[in-house]
Each structure stands twice: as structure tokens, then as C-alpha cells.
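One letter stands for each residue in the lines below.
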Amino acid sequence: METGSRLAALPLLLSLLSLCVCAFSPKQIVPLLYEEQLLWVSGFEGEVNTYRIPLLSFTPKGSLLAFSEARKMSDHDLGQKFIAMRRSTDKGKGATWSPTSFIIDDGAQIDGLNLGSVVVDEELGLVIVVYVLCFNHYHCSPSSTMMVESVDDGLSWSQPRNLSVQLGVKSFCPGPGFGIQKRYNPAKGRLVVCGHGTLEGNGVFCILSDDHGQNWYNGAALKSIPYNQKKRAQDFSPDECQPVELTDGSIVVNVRNQNNYHCRCRMVVRSFDGGLTLPIDSLFFDYELVDPAVAAGALLKDDVLYFTNPSNEQHRVNLTLRWSLTDGNSWEKKAMQIWAGPSGYSSITSLDSGSADDKRYIFVIYEKGYKSYEETISFAKIHLFSGR
Ligand SMILES: *[C@@H]1O[C@H](CO)[C@@H](O)[C@H](O)[C@H]1NC(C)=O
Ligand SMILES: *[C@@H]1O[C@H](CO)[C@@H](O)[C@H](O)[C@H]1NC(C)=O
């Protein structure tokens, strides 16, 4: 009798289960722009000429932090800057981002700061921002890799620490994008921040910390050819990059192909040892990800790999979201155009509390404009399952 009634309930139970799974099946991704807000508008606020290089991160407490370079005098990569930050405690709703605070001021340096990477240590609840001073050695020397951290969800920030004391003074510009804390072995818990060198000394370089950012050391180096020499068109010059950890514990790094070596598309390289090496055997060119040579966004969420860039071989226009159900080995035919016009650097994040709401959204920050992508920095909240 009892067994019978249990069996009778089984089909119902199974169909309920499959409903739950179906609600967020990667096969049903139909992204919709749910809400968008301009976080920074260039030329508007007194002290800042141009906002560029947007970074976006979740925090351990479920807030969102947006960062950018606030370029004081001009739109140039050189020049003095602030690091600007805004914070959202309600999943990026329009009106409730905190006002801009400048968490770092590089003073009046000619070759000032450049962003940068934001990395969350979930084990200790830290948010770390890594940036560079004097990257180009323009009327200054040496180049310094710097770090600040927040232990209170981005409300306050530590004094800057000079990581070049441990790493050496090589010109290293982190990201732009996010660094990762390894969630899987090998090297679970390790902080991995990847970035690039100057045009001559270019390449993808990763710095690593196995003690929550106390001590840092140099990991993988995938160097340009010819290294430390002037490049020509179509030379091999891996540049700005975004690392993503896959669930097998390897790290896929999606890389800007600075000189269009082999294709006008993204390079992809993979580390199997937690960022110590990026073997050339693992490098491939992703012909589907056409790219005008730019910093792009990537994120793995619930077994789906997302990617954003201005999807055009020549120009920074057509910011597009793509997704892969095969860890980037292939891309779904559907893609979502986020902005047809001028669009530049982008970065993606999401919240991961396990709640149904958090599973529905990803967040994209990107450079957006009508005439030039330097006009604004925009935050887009994207609903992944709008088609249901
Ligand atoms: C950082 O440390 C390096 C190595 O000790 C040093 O040469 C450089 O001047 C320091 N940079 C700053 C900004 O203090
Ligand atoms: C925008 O991107 C999509 C997807 O890659 C592509 O099919 C389309 O041709 C692009 N449009 C422009 C104007 O670049």
C-alpha cells in the first residue's frame, strides 16, 4: 500500500524536477536587455575629461562594484587619473548606484595609473584591485604593479601596496577585466591575475598568490615574437586578456590579438597548472570571435561560457553577446547585439548566491557612444531566459 502510493507520486515528482531543471536550461537562453544605465559620462564632471577601461565585479556579500579610469586632462592612455568606483547593493537597479568615489588618485604624474584587474577572494571575503603606475616609462621609471584591497564590501580601501617589491619592475598592465580565485584543483584558492606587457615587451603574463594576496609571484608568460623588439603588422603579439576557470580546473584565457596575427579574431590559450604556464600547444585562434583588437569580456556561469566584444573585424562597433555550451569549443548560432554603434572595452560578471533570481541575470559593463565609444560607460543587466 505504502509502496504503491509512493510509486504513484513518482511521475509527478519527476515532472516537477524536470520543470525546475528546464527553467534554467542553457539550451533555452534567449537574452534580453532588461535594464541599462550609464554609470559614467565623459566630459560632464568637473575634474574628469574621459572615463575609460570599465571593470565590473561581484562581491562576497552579493553587491556589484564598477570601476573605471577617470582620465583627468585628456582621453589618452598616458596622463594622470583617478580610479573611479560605484557600488550597487540591489543587483544593479538603475537609481540606486552609489555616487562616484575616487578610490585612488595618482596626483599629477605624466605616465599615471592604468587599470587593471579586480579579483575577489571568496575564502576571506576580500576585493582586490590591481593596477599599474608608469606603464609606458614616459618621463618616469620604473613601472610598478600596485594593489589595493577592501575588507568591507568596497566601502573603504586600504593604502596602495607596491607588488613590484615582490614581482620586479617589469611593465605589467593587469587585465583589463577580472582576476580569478581558483575554485577547483589544481591550486584551489590561488589568486590568478593575468595581463599584458608594453607593445615591444608584449605577451600574456599572469601573477599568482597562494596566500590571499599577501605574497605574489610571477606565473605564466606567453611572449610576443619578436620579444622586446618593435613589431610589424601581423606579428604575434598577445595582449589584453580575460582568464576564466572551467569546471575541470583549467584556466582558459581569451586574448586580444594585437597585430592581427593569423586572423582578425581572438586568440585562446589554456593553463592546466593553475596559471604557472600557458603552453603554446594549447593556443588556438577562434575564427568565430571576429575582433578589431580590443579588450573583451568572458564569464563562465552555470556551465555556459559568455563572451562580449565589438564583433567587427575593422571597427569598435556592434557590441555582441555570444554564448557557448561547450566551454568555447563552439558558439551558439544565436547572438545578442547589445549596442550597434561605437562600443569598446567590455567586462561581464554575475551574482552566484544560488537563488533563482541570480541564475537569471548576467551584467555587462562596456564603453558606449554615438560618435565615439569614449563617450560613456554603460551597465547592462541582461535577462538570460526572457523567451519563457
Ligand atoms: C615599487 O617597488 C620597486 C621595487 O622595489 C621600486 O623600484 C619602485 O620605485 C616602487 N614604486 C613605487 C611607486 O613606490
Ligand atoms: C555584428 O555581429 C554579428 C555577430 O558576429 C555579425 O553577424 C554582424 O555582421 C555584425 N555587424 C556588424 C555591422 O559588424
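Structure's up top.
Here the structure is a predicted model, which means the values were calculated and not measured.

Chemist: Give me the site of ligand 1: which residues, what numbers.
Modeler: Neighbouring ligand 1 are Pro142, Ser144, Asn162, Val165 and Val169. The side chain of Ser144 places a nitrogen or oxygen atom 2.8 Å from a nitrogen atom of ligand 1. In the model, an oxygen atom of ligand 1 is placed 2.3 Å from a nitrogen or oxygen of the Asn162 side chain. The residue makeup of the shell around ligand 1, split by class, is 3 nonpolar, 2 polar and no charged.

Chemist: Account for the state of the cysteines, naming residues and giving values.
Modeler: For the structure shown, the criterion picks out 3 disulfides. The disulfide partner of Cys134 is Cys140, and the S-S distance across this bridge is 2.1 Å. Torsion about the S-S bond of the Cys134 and Cys140 cystine: about 105°, corresponding to right-handed handedness. By relative accessible area, which is 24% here, Cys140 ends up partly exposed. Sulfur-sulfur distance for the disulfide between Cys263 and Cys265 comes to 1.9 Å.

Chemist: An account of the pattern of salt bridges is needed here, citing residue identities and associated values.
Modeler: For the coordinates displayed, the defined rule picks out 19 salt bridges. Across the pair Arg87 and Asp153 runs a salt bridge, and its minimum N-O distance is 2.8 Å. Taken together, the residues Arg87 in strand β4 (residues 81-88) and Asp153 in the loop between β8 (144-150) and β9 (161-162) connect sequence positions 66 residues apart. The exposure classification of Arg87 matches that of Asp153, with both residues buried. Here Lys91 makes a salt bridge to Asp358, at a shortest N to O gap of 2.8 Å.

Procedures and definitions
Residues numbered from 1 in each chain as written. Chains lettered and ligands numbered in written order. Predicted model: local features only at pLDDT ≥ 70, side-chain atom pairs only at ≥ 80, totals over all residues. Heavy atoms only, no water. Near = heavy atom within 4 Å. Polar contact = N/O pair within 3.5 Å; in protein donor to acceptor, adjacent residues only side chain to side chain. Nonpolar A, V, L, I, M, F, W, Y, C, P; charged D, E, K, R; others polar. Disulfide = S-S within 2.5 Å. Buried < 20%, exposed > 50% of the residue type's maximum accessible area, 1.4 Å probe, protein only. Salt bridge = Lys/Arg side-chain N within 4 Å of Asp/Glu carboxyl O. Helix = DSSP H or I, 4+ residues; strand = E, 2+ residues; numbered from the N terminus.

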